[in-house]
Amino acid sequence: MGDARAVTERHLGLFRNVPAARPGLCRVCHSAPAEVRFARGEPHGTAHLCTGCLRTTAGLHRHTPHVVPVSLCAWTGDDRRLYDLLTRRRTPPGGPSPATLLAATLARFHRAHLPCLTRAAGGPFTLVTTVPGVGADRPVEAFDLLPRVVQWVAALRGPHRPVLMPGGDRAAEAALARHVPDERAFHVLGRLDGERVLLLDELFAGGARVQSAASALYRAGAEEVVALVVARLTDPWADTRLADAWARPYDFGRCCLCDPAARLSPDTGWRARLG
Ligand SMILES: [Zn+2]
Ligand SMILES: [Zn+2]
């Protein structure tokens, strides 16, 4: 994907900045306002996770605390073009195929932010894998595009192993279709003891798919899982920090972790500035 920059630069209008990770934004997905929860003796409450991440992390064996979206997206109005690309395989007029555009997007972002992703993982990745489509959680035509796309990106192709399979559990798949997390929706091939996994998916809404897959990977022995998702579906008007990031021209040189405005709390395990 030597022309990843050229391809994505022509379609920069598809992408929206993800706000810098900081207190008050969800510390898992960095792209939705955190819910304020009040505990006994804590009059001001604490805000850590957004509504979606609170719901999807509650019942799982283990969730990944690291979700890095390339872009925000919305599903209404003129700003839904990235959403349409990911869910309907609809490309911009005169644009390349969806697979080409996705490969270029992942290649460029991965190249720019591998140090950020690696720090979140606590060391170099030993495995790249994708979340398979299960049940009715996504349109049939959307199946299996990401594994093909990964083959076009040299840096991802080497460490890629398709270790996640549909779990074959009807109830779990039905739950996932209703955005209820259930790790039994996925089956992991073999043991992953000590592996640091870069988990790729296209669309992160509430996170049920990604977090269920991450939980299955942890259960199979993975040491750490970092999810790189193409788009985080959100309401950009729900929070001024999202709206501000949304309004700025998209910059492939920044991610939510390395944005100069990123201020990460110590309990995320990341440094405040990632350099
Ligand atoms: Zn969140
Ligand atoms: Zn970065």
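Residues numbered from 1 in each chain as written. Chains lettered and ligands numbered in written order. Predicted model: local features only at pLDDT ≥ 70, side-chain atom pairs only at ≥ 80, totals over all residues. Heavy atoms only, no water.

A. Inspection of the confidence of the model for the protein chain at higher detail. Put simply, the protein chain has an average pLDDT of 88, and 88% of its residues get 70 or more. Ranking the elements of the protein chain by mean pLDDT puts strand 2 (residues 46-47) last, at 68, and strand 4 (residues 127-130) first, at 98. Note that residues 266-275 has pLDDT below 50 and, in this model, 21 contacts with residues that lie over four places away or in other chains. (pLDDT = per-residue confidence, 0-100. Helix = DSSP H or I, 4+ residues; strand = E, 2+ residues; numbered from the N terminus. Contact = heavy atoms within 4.5 Å.)

B. Seen up close, the coordination of the zinc ion (ligand 1). Around the zinc ion (ligand 1), the protein contributes the donor atoms Cys26 (SG), Cys29 (SG), Cys50 (SG) and Cys53 (SG), at 2.3 to 2.4 Å from the metal centre. Each of the four donor atoms around the zinc ion (ligand 1) contributes to a set of angles spanning 104 to 114°, which defines the coordination as tetrahedral. Counting the intervening residues between successive donors of the zinc ion (ligand 1) yields the motif C-x2-C-x20-C-x2-C. Accessibility expressed as a relative area gives 0% for cysteine 29, which makes it buried. (Donors = N, O, S within 2.8 Å, 3.2 Å for Na, K, Ca; no water. Tetrahedral: all angles 85-135°; square planar, octahedral: opposite > 155°, others 65-115°. Buried < 20%, exposed > 50% of the residue type's maximum accessible area, 1.4 Å probe, protein only.)

C. How the structure looks around the coordination of the zinc ion (ligand 2). Protein-derived coordination of the zinc ion (ligand 2) comes from His113 (ND1), Cys116 (SG), Cys255 (SG) and Cys258 (SG), at a distance range of 2.2 to 2.3 Å. Mapping the donors of the zinc ion (ligand 2) onto the primary sequence gives the spacing H-x2-C-x138-C-x2-C. Within this pair, whereas cysteine 116 is found in helix 4 (residues 98-121), its partner cysteine 255 is found in the segment after helix 9 (240-247), the two being separated by 139 residues in sequence. On the basis of relative accessible area, cysteine 116 is assigned to the buried category, the value being 5%. Look at cysteine 255 and you get buried, because its relative accessible area is 4%.

D. Structural view of the pairing of strand 4. The alternating pattern of strand 4 places Leu127 and Thr129 on one face and Val128 and Thr130 on the opposite face, and all of these are buried. Across four bridges, strand 4 lies against strand 7 (residues 196-204) in parallel orientation. Within strand 7, the position partnered with threonine 130 by the bridge is leucine 200. (Pairing = 2+ DSSP bridges.)

E. Molecular detail of unusual backbone geometry. Of note in the backbone geometry, histidine 30 takes a positive phi value of approximately 55° without being a glycine. The backbone of arginine 89 shows a phi angle near 55°, a positive value even though the residue is not glycine. Position of arginine 89 relative to the elements: it lies in the loop between helix 3 (81-88) and helix 4.

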